Each structure stands twice: as structure tokens, then as C-alpha cells.
Amino acid sequence: MIDYDYRKPESLEEVFTLLREYGHKAALIAGGTDVMVKIRNTKRAPEVLISLRGLKDLSYIRKNGGYHIGALATHRMLEQSDLIQKELTALHEGASRIGSVQVRNVATLAGNICNAAPSADTAGPLLALDAQVLLQGPDGERVVPVTEFFTGTYKTVRKETEVVTEIRIPAHMERFGSAYWKQSRRKAMNLPIVGIAVSLRLDKRTISDSRIALTVAAPTPIRAHKAEEFLAGKPMDDTVLAEAGRIAASTECCTLRDSLRGEAWYRAEIIEAYVPRMARLAAQRIRTSV
Ligand SMILES: Cc1cc2nc3c(=O)[nH]c(=O)nc-3n(C[C@H](O)[C@H](O)[C@H](O)COP(=O)(O)OP(=O)(O)OC[C@H]3O[C@@H](n4cnc5c(N)ncnc54)[C@H](O)[C@@H]3O)c2cc1C
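As the structure is a prediction and not an experimental result, all values here were calculated from the model.

Undergrad: Teacher, can you tell me more about the nonpolar core here?
TA: The nonpolar side chains of soluble globular proteins are, as a tendency, buried together. In this structure, Leu91, Leu126 and Ile169 are the most contacted members of the largest nonpolar core, which totals 52 residues. By residue number, the principal contributor to this core is helix H1 (residues 12–22), which donates six residues. Apart from the residues lying within four places of it in its own chain, the contact partners of Leu126 are Leu91, Leu109, Ile113, Ala131, Val146, Ile167 and Ile169. Counting 32 residues, the second-largest nonpolar core is a separate cluster that includes Ile207, Leu214, Ala224 and Val275.

Undergrad: When you look at the site of the ligand in this model, what are you seeing that I'm missing?
TA: Residues in close proximity to the ligand total 33 residues, the closest being Leu28, Ala30, Thr33, Asp34 and Thr108. Gly31 is positioned such that a nitrogen or oxygen atom in its backbone is 2.8 Å from an oxygen atom of the ligand. Between an oxygen atom of the ligand and a main-chain N or O atom of Asn190, the distance comes to 3.5 Å. The fraction of the free accessible surface of the ligand (990 Å²) that becomes covered by protein chains is 88%. Those elements giving two or more residues to the shell around the ligand turn out to be strand S2 (26–29), helix H2 (35–42), helix H7 (109–115) and strand S10 (163–169). Element by element, the count of residues in the shell around the ligand is highest for H7, at five residues. Within the shell around the ligand, the residues separate by chemical class into 17 nonpolar, 11 polar and five charged.

Undergrad: Explain the pairing of strand S6 (residues 132–137) to me, please; I cannot follow it from the model alone.
TA: For a regular strand, the rule is simple: side chains alternate between the two faces of the sheet. Pairing of S6 with strand S7 (residues 140–145) involves six bridges; the strand directions are antiparallel. Paired with Gln132 across the bridge in S7 is Pro145. Between S6 and the antiparallel strand that follows it, S7, lie two residues.

Undergrad: Even after reading the chapter, I still don't get helix H10 (residues 238–249), so can you show me in this structure?
TA: Residue pairs three or four apart in sequence face the same way in an α-helix, which turns once every 3.6 residues. Between the first and last C-alpha of H10 there are 17 Å, a value that for 12 residues agrees with the 16 Å anticipated at 1.5 Å per step. Taken together, the buried positions of H10 are Val240, Leu241, Ala244, Gly245, Ile247, Ala248 and Ala249. Among the structural elements, strand S13 (206–215), helix H9 (225–231) and helix H11 (264–284) are those in contact with the buried residues of H10. A side-chain oxygen of the first residue of H10 lies 3.2 Å from the backbone nitrogen of Thr239; this N-cap is Asp237.

Undergrad: Help me understand the packing of aromatic side chains in this model?
TA: Here a ring pair, both rings aromatic, is described through the centre-centre distance and the interplanar angle of the planes. Under the definition given, this model contains three aromatic pairs. Ring plane angle 80 degrees and centroid distance 5.5 Å describe the contact between Phe149 and Phe150, whose orientation is recorded as edge-to-face. Look at Phe149 and you get buried, because its relative accessible area is 0%. When the ring centre of Tyr60 is taken as origin, the NZ or CZ atom of Arg62, which lies over that ring, is 3.9 Å away. We note Arg277 situated over the ring of Tyr274; from NZ or CZ to the ring centre the distance is 4.5 Å.

Undergrad: Is there a simple way to explain the sheet that holds S13 in this structure?
TA: The strands making up a sheet associate through backbone hydrogen bonding, with each pair oriented either parallel or antiparallel. Strands sit in the order S11-S12-S13-S14 across an open sheet of four strands; the sheet is antiparallel. Taken across any chain shown, the strands that pair with only one partner, and hence form the sheet edges, are strand S11 (177–183) and strand S14 (222–223). Where S13 lies against S14, two bridges are found, and the strand directions are antiparallel. Looking across to S14, one finds that Leu214 is bridged to Ile222. Strands S11, strand S12 (194–203) and S13 of the sheet are contacted by H11, whose axis makes an angle of about 35 degrees with S12.

Undergrad: Just checking my understanding: could you explain the pairing of S11 for this structure?
TA: For S11, a buried count of six out of seven residues is recorded, marking the element as mostly surrounded by other parts of the structure. Looking at chain direction, S11 and S12 are connected through seven bridges and run antiparallel. Bridge assignment links Trp181 to a residue of S12, and that residue is Ile196.

Undergrad: Can you walk me through empty space enclosed by the protein in this structure?
TA: A water-sized probe, rolled over the atoms, reveals where empty space remains. What the rule picks out here adds up to one cavity of 30 Å³ or more. Estimated volume of the largest cavity: approximately 30 Å³. In this structure, the largest cavity is lined by Lys86, Glu87, Thr89, Glu174, Phe176, Gly177, Ser178, Arg285 and Arg287. Elements that contribute at least two residues to the lining of the largest cavity include exactly helix H4 (82–87) and S11.

Conventions we followed
Residues numbered from 1 in each chain as written. Predicted model: local features only at pLDDT ≥ 70, side-chain atom pairs only at ≥ 80, totals over all residues. Heavy atoms only, no water. Core = buried A, V, L, I, M, F, W, Y, C linked by side-chain atoms within 4.5 Å. Buried < 20%, exposed > 50% of the residue type's maximum accessible area, 1.4 Å probe, protein only. Helix = DSSP H or I, 4+ residues; strand = E, 2+ residues; numbered from the N terminus. Contact = heavy atoms within 4.5 Å. Near = heavy atom within 4 Å. Polar contact = N/O pair within 3.5 Å; in protein donor to acceptor, adjacent residues only side chain to side chain. Areas by Shrake-Rupley, 256 points an atom, 1.4 Å probe, with all protein chains shown as cover. Nonpolar A, V, L, I, M, F, W, Y, C, P; charged D, E, K, R; others polar. Pairing = 2+ DSSP bridges. Expected span 1.5 Å × (residues − 1). Phe/Tyr/Trp six-rings, centres within 6.5 Å; stacked < 30°, edge-to-face > 60°. Lys NZ or Arg CZ within 6 Å of the ring centre and 35° of its normal. Axes fitted to C-alpha atoms, helices over the stretch in contact; angles between N-to-C directions. 1 Å grid on protein atoms, 1.4 Å probe; cavity = no way out; pocket = protein on both sides within 12 Å on 5 of 7 lines; lining within 4 Å. Points joined across faces, edges and corners; volume = space filled by probe spheres on them.

Below, the structure written as C-alpha cells:
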């Protein structure tokens, strides 16, 4: 039997006390859909699991200037939110495609990025939406852009005593349209072979600003900066978008590899084809009334 202690504090202060007390022998758990799978697969558990589910006030999605998503907001909450669907559509698409309804009912957005899998379905949308991560610890808080959050495969900047308490998306993103494509063998219960998120703004027919994010295209989720730079100030036409797709799929932007789920050449073809498609979709979704 795999043995561990389970604690369910009701305040952040109690979480910090436990994290300080147990250090690397403790692990945080939210929905548990990654943590429990890892324990089962490795047959090893931390000495203590510290559940965040007693922190009920971290379960929210709000717009107040920018967008604020509490660490206990589940993918199902994002999927059912009109605000997320209309204004942060790429994130809606990412969250709605995770696992199954049963998984989405308990799995959290914060858990998805803290697990830091290169395939995390919400990482691409968050990168394309300029998200920031609020980390709180016993010594204070800090806000880290999601572009700096992932430091390696399954690794983040989070310190042992810190908790992600909120994910923020700046207000300027309400003027962007966005879209996410998950290339997978099945619609449900399948990780992406590759993921493509695009957000952009138009000035008449000119692309004034864009973000392109890719998952399973490098050891961490990434932005395709060279392709974004290419798009800046260009007209929104097929030739331009096709070239952006080519740049995004090239070694200028990603380090594609072969894996059981798909080969590098296939990932490159999907990125090349879907960057233009997601850009067109994102452009259609720009809200004119903002
Ligand atoms: C059947 C199944 C299907 C799945 N399908 C997909 C899929 O299609 N796409 C996809 O991207 N993922 C998928 N997943 C993975 C998983 O559901 C997501 O990564 C989920 O969002 C993790 O959230 P959680 O709340 O369950 O995290 P947990 O498992 O509780 O935690 C995950 C990690 O994050 C840490 N953590 C959690 N919350 C915090 C916090 N607030 N602060 C600091 N650290 C924290 C934990 O310590 C742990 O390291 C699937 C999982 C299962 C079991």
C-alpha cells in the first residue's frame, strides 16, 4: 500500500505553515488528476499531501479591469463561463477539450500549468493571452508572466513554499480575438499531438499585434516570437498567414521531436496548416463593441 498523510487546511497561512514544516516531503494537491496518477504510476508518494480544496474563496472567475481566475477554478467552470467563451475564447477552447467532463469537474487551471507538461491544453491559450501567474508565499507575493513561468518539462519557477493563487489576464486582451486548436486522435480523453493558440488585433485589414503559442513543440509550451514579428504590420491575407505558419513550424521557433503520439514532421505540418486557420478564426472573433 502507498502510504501518505493528507491535510486539508482552510487558510493560506495554514498552507504556508505546512509547506515550511514539511518542505520537499510535501506536495500540494488541488483536483488531484495529475498528482494521484503520478502516485499510482510511480508507486511513490510524498510524505504529506496538502489539499488546497479547503480554500473555498479561490474558486472564482471575475472581470475587474483585467480577468482574474482563482487557483481553484476548474476547467468545467471555464467551459461554462460566458465571459471566458466570449472574451477569452482560446482559453475556453483549451479548457473545454481537457479529458472528460468528470476530469474537468475537478481538475483546475492552476494545476494544469503547475504540472507544467509540454502538452498542457491551457498553456497555449494562456501564453497567447499574455497571462500572468500570482504566486503567494510566507514571504510575500510576486506576479510572473506565464512566458517566464515554465522553466523545463514539468518544471516551473514556483518555490517550494509558494502557492499559485490566481491567474490574471490583462484588460488589453479584450480587444484581441483568439482561438486554440488541439490536434489529437480523439475528441475526448486524449492529450494533444500538438496545440496551437493564436490571438490577434487588427487595424482595418492590417495585423497590428499578435501572439502565437505552441504546445508539444518544445520541452515547454512556447511563443513563436519570430512568426509574431513577421506578422506585425502585415495585411491579413492568405500569403502572409501561410508564411507565418511556415515560420512557426520551423526551427526558428520550435524544437519538434518524434514521440509515441506523433512524429516531428507531422507536428510541423499541423502547425504550418493551423497557424493560418487559427489566425483567421481569431480575427473573426475580435469584438467590435469594446
Ligand atoms: C483521464 C485524464 C485525462 C486528462 N486529459 C488531459 C488533457 O486532455 N489535457 C491536459 O492538458 N491535461 C489533461 N489531464 C491532466 C490534468 O487533468 C490537468 O493537468 C489538470 O488541469 C491538473 O489540475 P488538478 O487540479 O487536477 O492538479 P493536481 O493534480 O492537483 O496538481 C497538479 C500539479 O500542480 C500542483 N498544484 C496544483 N495546484 C497548485 C497551486 N494552486 N499552486 C501550486 N501548485 C499547485 C500540484 O502540486 C501538482 O504538482 C488529464 C488527466 C486525467 C487523469
